[in-house]
Amino acid sequence: MTTHNKTLVIAVTALNAVDNPGPGVAVIRALREGFGKHIRIIGLSYESLEPGVYLHELVNKTYQIPYPSAGAEALVERLQYIHGQEQIDVVIPNFDAELYNFIKVSARLSMMGIHTYLPTGEQLDARDKINLSKLGKKHHLFVPEDNIVTRADDLKKAAEELDYPMVVKGKYYEAYIAQSEEQARKYFYQLSAKWGLPVICQKFIKGTEINVAVLSDGEKAISIIPMRKLYITDKGKAWAGITIEDDDLLQLASNFVKATKWRGAFELEIMRDPDGKPYIMEVNPRFPAWIYLTAAAGQNQPAALVKMALGEKVDEFNEYQVGKMFIRYAWDHVTDVSEFQQLSAFGEL
Amino acid sequence: MKLKKNIATSENGFIFNPSTGDSFSSNPIAAEILTLMKAGQSAEDIKTEILNRYDVDRAQLERDWEDWVMQLRDANLIDL
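In this text, all values refer to a predicted model and were calculated from it rather than measured experimentally.

Observations concerning the sheet that holds strand β8 (residues 199-203) of chain A
All names here are of chain A. Read from one edge to the other, the open sheet built from 4 strands follows the order β5-β8-β6-β7, with strand pairing classed as antiparallel. Either end of the sheet is taken by a strand with one partner, and the two such strands are β5 (146-149) and β7 (175-178). Each strand axis lies, on average, 25° off the axis of its neighbour in the sheet, ignoring direction. Examined bridge by bridge, strand β6 (residues 166-169) and β7 share 4 bridges and lie antiparallel to one another. From the neighbouring strand, Lys169 faces β7, where its bridge partner is Ala175. In the packing of helix α7 (residues 181-195) onto the sheet, the strands contacted are β5, β6, β7 and β8, and the crossing angle to β6 comes to about 15°.

A short note on the nonpolar core
Residue and element names in this part refer to chain A. Membership of the largest hydrophobic core comes to 86 residues, with the highest contact counts inside it found for Ile10, Leu31, Val212, Val214 and Ala253. Per-element accounting of this core gives the leading share, 7 residues, to helix α1 (residues 24-35). In this structure, Val212 is in contact with Ile224, Ile225, Pro226, Leu249, Ala253, Glu267, Leu268 and Ile270, ignoring residues within four places of it in sequence.

Examining the sheet that holds strand β3 (residues 61-64) of chain A
Residues and elements named next belong to chain A. In space, the 4 strands of this open sheet follow the order β3-β2-β1-β4, with parallel pairing throughout. What marks the edges here is a single partner per strand, and that holds for β3 and β4 (90-92). Strand-to-strand twist across the sheet, computed as the mean angle between neighbouring axes with direction ignored, equals 25°. As judged from the 4 bridges shared by strand β2 (residues 39-45) and β3, these two strands associate in the parallel manner. Note that in β3 the partner of Ile42 across the bridge is Lys61.

Some points on the pairing of strand β12 (residues 263-272) of chain A
Residues and elements named next belong to chain A. Of all the 10 residues making up β12, 7 are buried; the element is thus mostly covered by neighbouring parts of the structure. When strand β9 (residues 208-217) meets β12, the two strands line up antiparallel, connected through 10 bridges. By the bridge assignment, Thr208 is partnered in β12 with Arg272.

Rules behind the numbers
Residues numbered from 1 in each chain as written. Chains lettered and ligands numbered in written order. Predicted model: local features only at pLDDT ≥ 70, side-chain atom pairs only at ≥ 80, totals over all residues. Pairing = 2+ DSSP bridges. Helix = DSSP H or I, 4+ residues; strand = E, 2+ residues; numbered from the N terminus. Axes fitted to C-alpha atoms, helices over the stretch in contact; angles between N-to-C directions. Contact = placed C-beta atoms within 7 Å. Core = buried A, V, L, I, M, F, W, Y, C linked by C-beta atoms within 7 Å. Buried ≥ 20, exposed ≤ 12 C-beta atoms within 10 Å, placed from the backbone.

Geometry only, nothing functional implied.
Structure, rendered in structure tokens:
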């Protein structure tokens, strides 16, 4: 199959383009730019107020899907129904928390004719915050020292090893910089209540925040775009950023792919310390919310992923525009309550 | 002292470091010096040109030049 002959139907999750945005809307924007009129976008939403649901120039139709906690079976059942309506060619999941289920059912989806392009469950686990330090040691990558904490009383020991300021991270999301044991305790309770145990304490690295969006085929990186954060929100998210030229980071991303044999999209969160050492702070197993910048800079990663999912050969990109900037903005999209009601009552819009 | 090879400058004094994403605004005289540096002129040649074109004495220029180099170094714009 080639991606040029028919209207491609692509399902995309994470339409929550809010202040801590999911990547879905940016992925769709890149796909629309990559495939022009030849695509139909199916939004997959968890909640009725995900803004992307109501952006009809981007999303043709949206279906609600069950939360990841409902399990893989519930997901397959729902996708089966949606596939019956829409004949989905490719699905692109964009939330960390849903990836386990999507990976688990990817073979079944493939039998149904729905293509995915995802890492394995083992790869997903290996880059988990809890295992990242181990992964760094194994592959000689700079990863800050950490200490996995399951009891508040263990924070003292963690601080003895890592010193203050110390980064205290939730199992799935959120991180705070603790300056004292009192603060560390407060963040421990806050994060464990919200995301469960363990909580990860990580050595604080001062430096410049750079993110790298990567698409790889299991052997080599097809596309690598480094982006320096220019404006960072109080949640640590880039609200503005710029593509930069940095051979060390391209090499680091390539080394990561070779070491892990990663297949699919991922994002490296890097802190470059004053000596120039690039520390991997986190590895996100999906496209980042700023992914449209890769398309704007000349390497449309979402479009390339779709082609790879459909079995097309995609050559490595070797050029991108340095100095391409994004500046995010908030926009009050206006809709009618009938749309909200339609999605809430029937799970489709 | 040389300006890093990939530093982009514009006539109006905007400086962009593509390796770090940092950008700076400079005044007209700094923009002029940057253009000369980009053209590969030596520090001594640039100083001579400034002495010829502006009403400044050598001692003052040397002091300002030191300050200028320090700023470039802090901004990570020159090869050390």
